Amino acid sequence: MKNIFVIILLIVSSCTAPSKINISNTTSANSNVVIDGKIYATAYQQRSAEYRALCFQAFNIAHERVDEIAIAKTEKPKAIVTDIDETILNNSPYEAHQTLQGKDYNYNAWLEWSAMIKADTVPGALTFLKYAASKGIEIFYITNRSEKERAFTLQNLQKFNFPNSDSAHLFPSKGSSSKEERRQNIAASHSIVMLLGDNLGDFSFLFDKKNLDERLQNVNSVGAEFGKRFIVLPNPVYGDWENALYNYQPLTPAQKDSVIKSSLYKY
């Protein structure tokens, strides 16, 4: 009887083991580099002390630059132009919400998030901009949030008392992702002494819809501006670095995965 019982256990074990292996294989086959990568990057943004340190580093450098700028003479009033998302407001809860559902960016879902007015500040951002404003520098906000988000965006900025957080200083997108025209509108009346952003398009038209090689070459050509007039904040989750990989084309998740994997240097 004991031998029969052992044989039955062995048969059951041999039948159940393959199903566990198949589940593991299925999970691996259905994994998505874009979504899984953004989960990992969002965890870095939310939980790593290194991310916070990088933000403080950026704003510490900006603080030193403002001390120099404040005593310099300019023909027009001084202005700092800043991006909003992932530069002064942190939207990582939205990224977490989307990626944990296996979804990438979606405009309607984004609108729901922005309407909640729950984005927190990026570490160091509020303190720095208040300091710059105390030195007589006006703050302008250029964002690729849509015009329909103007009220939500202002409320989120005003929630933390960001300086100059009024409609006259907020420049949302009116259809174009390029920020050059909006920068020029500000430059007509002010001397732009510093720009803050997490995406290279926040700084210059040199990076608007450029391919990977052009982006790298143009970074080299204006390298002296970084840490001086251009202050870059870390954002590993999204941006034109990713769009440039796809050559700014709408791709399926499978196509994106293929592009990302094929773009990597390896040995």
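See above for the structure.
Conventions used here
Residues numbered from 1 in each chain as written. Predicted model: local features only at pLDDT ≥ 70, side-chain atom pairs only at ≥ 80, totals over all residues. Heavy atoms only, no water. 1 Å grid on protein atoms, 1.4 Å probe; cavity = no way out; pocket = protein on both sides within 12 Å on 5 of 7 lines; lining within 4 Å. Points joined across faces, edges and corners; volume = space filled by probe spheres on them. Helix = DSSP H or I, 4+ residues; strand = E, 2+ residues; numbered from the N terminus. Nonpolar A, V, L, I, M, F, W, Y, C, P; charged D, E, K, R; others polar. Core = buried A, V, L, I, M, F, W, Y, C linked by side-chain atoms within 4.5 Å. Buried < 20%, exposed > 50% of the residue type's maximum accessible area, 1.4 Å probe, protein only. Contact = heavy atoms within 4.5 Å. Pairing = 2+ DSSP bridges. Axes fitted to C-alpha atoms, helices over the stretch in contact; angles between N-to-C directions. Phe/Tyr/Trp six-rings, centres within 6.5 Å; stacked < 30°, edge-to-face > 60°. Lys, Arg positive; Asp, Glu negative; His and termini not counted. Salt bridge = Lys/Arg side-chain N within 4 Å of Asp/Glu carboxyl O. Polar contact = N/O pair within 3.5 Å; in protein donor to acceptor, adjacent residues only side chain to side chain. Parallel < 35°, antiparallel > 145°, perpendicular 65-115°, else oblique.

**Student:** What's the story with the layout of surface pockets in this structure? I'm lost.
**Tutor:** Empty space among the atoms becomes visible once a probe the size of a water molecule is rolled across them. In this structure, the largest pocket encloses a volume near 1,200 Å³. The greatest single-element share of the lining of the largest pocket, amounting to four residues, is contributed by strand β4 (residues 138-146). Looking at the lining of the largest pocket residue by residue, the classes come out as eight nonpolar, 11 polar and 15 charged. Taken as a whole, the second largest pocket encloses approximately 630 Å³ of empty space.

**Student:** I would appreciate a short explanation of the nonpolar core in the present structure.
**Tutor:** Inside soluble globular proteins, nonpolar side chains tend to come together where they are buried. Core analysis: the largest hydrophobic core is formed by 35 residues, its most contacted members being Ile80, Ile88, Phe128, Leu129, Tyr141, Phe162 and Met194. Of all the elements, helix α3 (residues 49-70) adds the most residues to this core, at seven residues. When residues no more than four places from it in sequence are discounted, the contact partners of phenylalanine 162 are Ile88, Leu89, Thr121, Ala125, Leu126, Leu129, Tyr141 and Leu157. In terms of nonpolar packing, the next biggest core, distinct from the first, is built from 13 residues, Phe171, Ile186, Phe207 and Phe230 among them.

**Student:** Please clarify how the pairing of β4 should be interpreted in this entry.
**Tutor:** Working note: regular strand, side chains alternate between the two faces of the sheet. Where burial is concerned, most of β4 is hidden: seven out of the nine residues are buried. Of the pairings in the sheet, the one linking strand β1 (residues 78-82) to β4 comprises four bridges and is parallel in character. Looking at the pairing, threonine 82 lines up with tyrosine 141 of β4. By the bridge criterion, three bridges tie β4 to strand β5 (residues 170-173) in an arrangement that is parallel. Within β5, the residue paired with tyrosine 141 across the bridge is leucine 170.

**Student:** Whenever I open this one, the sheet that holds β4 confuses me. Can you help?
**Tutor:** The strands making up a sheet are joined through hydrogen bonds of the backbone, oriented either antiparallel or parallel. Within the open sheet, the five strands sit side by side as β5-β4-β1-β6-β7. Their pairing is parallel. With one partner strand each, in any of the chains shown, β5 and β7 (230-232) form the two edges of the open sheet. In this sheet, adjacent strand axes meet at a mean angle of 20 degrees when their direction is disregarded.

**Student:** Hey, could you run me through the packing of aromatic side chains in this one?
**Tutor:** This structure, assessed with the given rule, holds nine aromatic pairs. On the numbers, 5.2 Å between centres and 90 degrees between planes, the contact of tyrosine 94 with tryptophan 110 is edge-to-face. Of this pair, tyrosine 94 sits in helix α4 (residues 92-99) while tryptophan 110 sits in helix α5 (residues 107-116); the two residues are 16 residues apart in sequence, bridging distant segments of the chain. Like tyrosine 94, the residue tryptophan 110 is buried in the burial classification. Within the aromatic cluster, the residues linked to one another by ring pairs are Tyr94, Tyr105 and Trp110.

**Student:** Honestly, unusual backbone geometry in this entry has me stumped. Any pointers?
**Tutor:** Residues apart from glycine generally show negative phi values, whereas peptide bonds are mostly found in trans. At isoleucine 117, a position not held by glycine, the phi torsion is positive, near 55 degrees. The phi dihedral of tyrosine 248 is positive, around 60 degrees, even though this residue is not glycine. Relative to the helices and strands, tyrosine 248 resides in the loop between α10 (240-245) and α11 (253-263).

**Student:** So what exactly am I meant to see when it comes to the side chain of glutamate 149 here?
**Tutor:** Considering the arrangement of structural elements, one finds glutamate 149 in the loop between β4 and α7 (150-159). With no salt bridge to any partner, buried glutamate 149 finds its closest opposite charge in arginine 145, at an N-O distance of 4.5 Å. In this structure the side chain of glutamate 149 is engaged in a polar contact, spanning 2.9 Å, whose partner is the side chain of serine 114. Aside from chain neighbours lying at most four places away, what touches glutamate 149 is Tyr107, Trp110, Leu111 and Ser114.

**Student:** Can you walk me through the packing of α3 against helix α6 (residues 125-134) in this structure?
**Tutor:** When two helices pack together, their arrangement is given by the angle between their axes and by how far apart the axes lie. One can describe the packing of α3 onto α6 by two numbers: an axis separation of 10 Å at closest approach and a directional angle of 5 degrees. With respect to α6, the axis of α3 lies roughly parallel. On α6, the residues that touch Phe59, Ala62, His63, Val66 and Asp67 of α3 are Ala125, Phe128, Tyr131 and Ala132.

**Student:** Could you clarify how one ought to interpret the pattern of salt bridges in this entry?
**Tutor:** Note on pairing: side chains with opposite charge can pair once their charged atoms come close. Inspection of the entire model under this criterion finds nine salt bridges. A salt bridge links glutamate 68 to arginine 65, with the nearest nitrogen and oxygen atoms 2.2 Å apart. Of this pair, glutamate 68 and arginine 65 are both found in helix α3, three residues apart, which corresponds to roughly one turn of the helix. When its relative accessible area of 47% is taken as the criterion, glutamate 68 is described as partly exposed. Arginine 65 sits in the buried class, given a relative accessible area of 16%.

**Student:** What is the right way to read the environment of leucine 196 from this model?
**Tutor:** Within the secondary structure, leucine 196 is located in strand β6 (residues 191-197). Along the chain, leucine 196 and isoleucine 88 lie 108 residues apart, while their C-alpha atoms are 8.8 Å from each other. Excluding residues that lie within four positions of it along the chain, leucine 196 makes contacts with Phe59, Ile80, Val81, Thr82, Asp83, Thr87, Phe128, Leu129, Asp202, Phe203 and Ile231.

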